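# Residue-level structural notes
Chain by chain, the residues run as shown.
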Amino acid sequence: MGAGKGPVTLQGIAERLGLHVSTVSRVLNGPRDGSARAASGDTARRIRDLADELGYRPNPLATGLRTRRSNLIGVLVPRLSEIVMATVYEGAEEAAAAHGLSAFVTNTHDDPALQRERIAMVLARRVDGLVIGDAHLDGAALDLPALRTTPFVLVNRRTGAGHTSVTCDDRLGGRLVAEHLLELGHTSVGVIAGEPFASTGADRTEGFVERYREAGLPLPARRVVHSAFDTVGGRRAAFDLLHRAEDRPTALFAVNDFAAIGAAGAVRDLGLRLGRDLALAGFNDTPLAAELPVPLTSVHSPMAEQGRRAVDLLVRRMAGEEIESEVLAPRLMVRESTGAPRS
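Residues numbered from 1 in each chain as written. Predicted model: local features only at pLDDT ≥ 70, side-chain atom pairs only at ≥ 80, totals over all residues. Heavy atoms only, no water.

## Remarks on the pattern of salt bridges
Here the structure, examined in full by the defined rule, presents 24 salt bridges. Its salt-bridge partner being Glu210, residue Arg175 comes within 2.9 Å of it at the nearest N-O pair. Of the two residues, Arg175 is situated in helix α8 (residues 170-183) and Glu210 in helix α9 (residues 199-214); the sequence distance between them amounts to 35 residues. A salt bridge links Arg273 to Asp277; the shortest N-O distance between them is 3.1 Å. We classify Arg273 as partly exposed; its relative accessible area is 46%. Asp277 gets classed as partly exposed once you look at its relative accessible area, which sits at 33%. Several salt bridges converge on common partners, so that one network encompasses Arg171, Arg175, Glu179, Glu210, Arg211 and Glu214. (Salt bridge = Lys/Arg side-chain N within 4 Å of Asp/Glu carboxyl O. Helix = DSSP H or I, 4+ residues; strand = E, 2+ residues; numbered from the N terminus. Buried < 20%, exposed > 50% of the residue type's maximum accessible area, 1.4 Å probe, protein only.)

Right, here's the structure in full:
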């Protein structure tokens, strides 16, 4: 009933049930656990049953005017085309829906000027909070007056300024790769270190280099090459590390799976056999890693869980709670690219 006759309204439901519209509004637009305070249990049940039957949907704009909240959160990422950030966003969107919030995403391409512009654009939409997945270590783009009054949580990356974040334990992930390669006897290694402004690259590299230093095998500067977090950057960095046969490492650690895939192409073009002549490990354990012609050893990062936990923390901060950063545990997934035997 009501189909084709315009939207179902609170007034229409109230008239059908012989109730005052304010009672119907308190039941349908208030928190579900507050229905008993808004009306008796039987009345609240009748209101909800009829609303469901008629297909009533709350008006978010009207609700926002009453509560001074938009029930909207913004999510900033470098590029949603990247599977890591797409997966993080899926987790954030899932958690937002569970909290009765809507989420939208915008890309910043890791450009500080564009980051500030997009933050201003998101804040202009009167969001209740932000999840920021494109932070640089210096945190400069976050030093905006408007952000001082808007709750936000970082995800996937941290800053050096102590902003609350949800990240993988990237340093530990780098150490796990180093432990694995040391156990395999690799004493001459190289790192495709990613972008120096991103904590993901910096922390993963530092964890790896630190473990080799502890083993009495410090890496010379020429063995740590920075690159973009993509296949093109990984390929170029791998050529830099491998083109001199007389000074060629026996293993590479790429701090991102796509950089590792680019490196695998360089290994092939140099006539080397992956997993035999050269060991290679990546990071994030993207779905593609296990399906490559030579399956890629990679550190599993809980990408979707980072997004979910970031939104959970943001909701708590929006409610006025004190929150602390969370660091989620990585796992090393050993496959054939580092010489693991075929199963």
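## With respect to the packing of aromatic side chains
By the definition in use, this model includes two aromatic pairs. When the centroid spacing of 5.1 Å and the interplanar angle of 35° are considered together, the rings of Phe208 and Tyr212 count as tilted. Residue Phe208 and its partner Tyr212 are both found in helix α9; the two are separated by four residues, about one turn of the helix. One exposure class covers both Phe208 and Tyr212, and it is buried. An aromatic cluster is present here, built from Phe208, Tyr212 and Phe253 joined pairwise through their rings. A cation over a ring is seen here: Arg125 above Phe104, with NZ or CZ 4.1 Å from the ring centre. (Phe/Tyr/Trp six-rings, centres within 6.5 Å; stacked < 30°, edge-to-face > 60°. Lys NZ or Arg CZ within 6 Å of the ring centre and 35° of its normal.)

## Here's the deal with the sheet that holds strand β8 (residues 251-254)
Strand order in this open sheet of six strands is β7-β6-β8-β9-β10-β12, and the pairing throughout is mixed. Across the chains shown, the open sheet's two edge strands, defined by having one partner strand only, are β7 (224-225) and β12 (331-333). Taken together, the four bridges between strand β6 (residues 189-192) and β8 define a ladder with parallel strand orientation. Paired with Gly190 across the two strands is Leu252, which belongs to β8. (Pairing = 2+ DSSP bridges.)

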